[in-house]
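A look at the structure
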Amino acid sequence: MPSYMEIFLKKFIWSSPRDLLTYSNQIISADSSLFICRGSHGIVLLLLYVDDIILTGDNSAYLKDFMLKLHQEFSMKDLGYLHYFLGIEVHQFPGGLLLNPKKYAAELLDQAQMGNCKPLSTPMVAKPSPPPNGNSPFPDPHLYRSIVGGLQYLTFTRPDLSFSVNYVCQFMHAPTEFHFQLVKRILRYVHGTLDQGLRLLSSKSLELYAFSDADRLGWLSNYSTVHNWILHLLGC
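Bringing the pairing of strand 2 (residues 34–39) into the picture now. Relative to strand 3 (residues 42–49), strand 2 runs antiparallel, the two being bridged by six bridges. Looking across to strand 3, one finds that R38 is bridged to I43. Between strand 2 and strand 3, which follow one another and run antiparallel, lie two residues.

Moving on, we get to unusual backbone geometry. Residue L86 is not a glycine yet carries a positive backbone phi of 55°. The phi torsion at Q113 lies on the positive side, around 60°, for a residue other than glycine.

This part is about the packing of helix 4 (residues 141–154) against helix 5 (residues 162–169). The relative placement of two packed helices is expressed as an angle between their axes plus a distance between the axes. Remark: helix 4 packs on helix 5, axes separated minimally by 10 Å, with the N-to-C direction vectors making an angle of 150°. One finds that helix 4 runs roughly antiparallel with respect to helix 5. At the point where helix 4 passes helix 5, the crossing takes the left-handed sense. Taken together, the residues of helix 5 that come into contact with helix 4 (itself represented by Y144, V148, L151 and Q152) are V165, V168 and C169. Across the contact of helix 4 with helix 5, the residue classes tally to six nonpolar, one polar and no charged.

Thresholds applied
Residues numbered from 1 in each chain as written. Predicted model: local features only at pLDDT ≥ 70, side-chain atom pairs only at ≥ 80, totals over all residues. Heavy atoms only, no water. Pairing = 2+ DSSP bridges. Helix = DSSP H or I, 4+ residues; strand = E, 2+ residues; numbered from the N terminus. Axes fitted to C-alpha atoms, helices over the stretch in contact; angles between N-to-C directions. Parallel < 35°, antiparallel > 145°, perpendicular 65-115°, else oblique. Left-handed = near helix turned anticlockwise from the far one by under 90°. Contact = heavy atoms within 4.5 Å. Nonpolar A, V, L, I, M, F, W, Y, C, P; charged D, E, K, R; others polar.

Take a look at the structure:
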């Protein structure tokens, strides 16, 4: 259910006076918190989460006018350039932005009591297979689901984790000791790569490149076929 602020913001955006800005508004159906406002002087992107807002655009003067209107309608504070949002640190460099979830990842490691674990160079072995005594149920399924859910959020800025995290997600309903060992291996890899993140380069084009491959009957446990995809956008 949308928050009061979200409802009020939608009403404000759609009823803004034409003499200030001429809007062509779009609310993204895939994310109801993202608003796109297009006008004759440029575009403004507004991302709303509870009482936090990220605001950006391609015309600084147009953006300042939009922010002025927001200040007139709402009681809010401009915190300047974006540095931190929803567990993600934002570092600016001359060629773009680096999204680094280091603080969030460290908290996830602490939750799993692996803050001082030995790091690994890979998040997963090529073809994991359980040992003879590895099929016993994991005693704390809630902990398993909580940590794997946190790893899912981490994949937004750490796409190198996507395959291994997606694999352990398949056992949410009934995790075993072996499955939790796979999760711990991912966490050990995260511990050794805390400084990594997602780079967004301003000089790259919006062309999307995709590569795919398949390992037929590659999983020895159930002889299933694994399909892999690699997508590149903005150099990521």
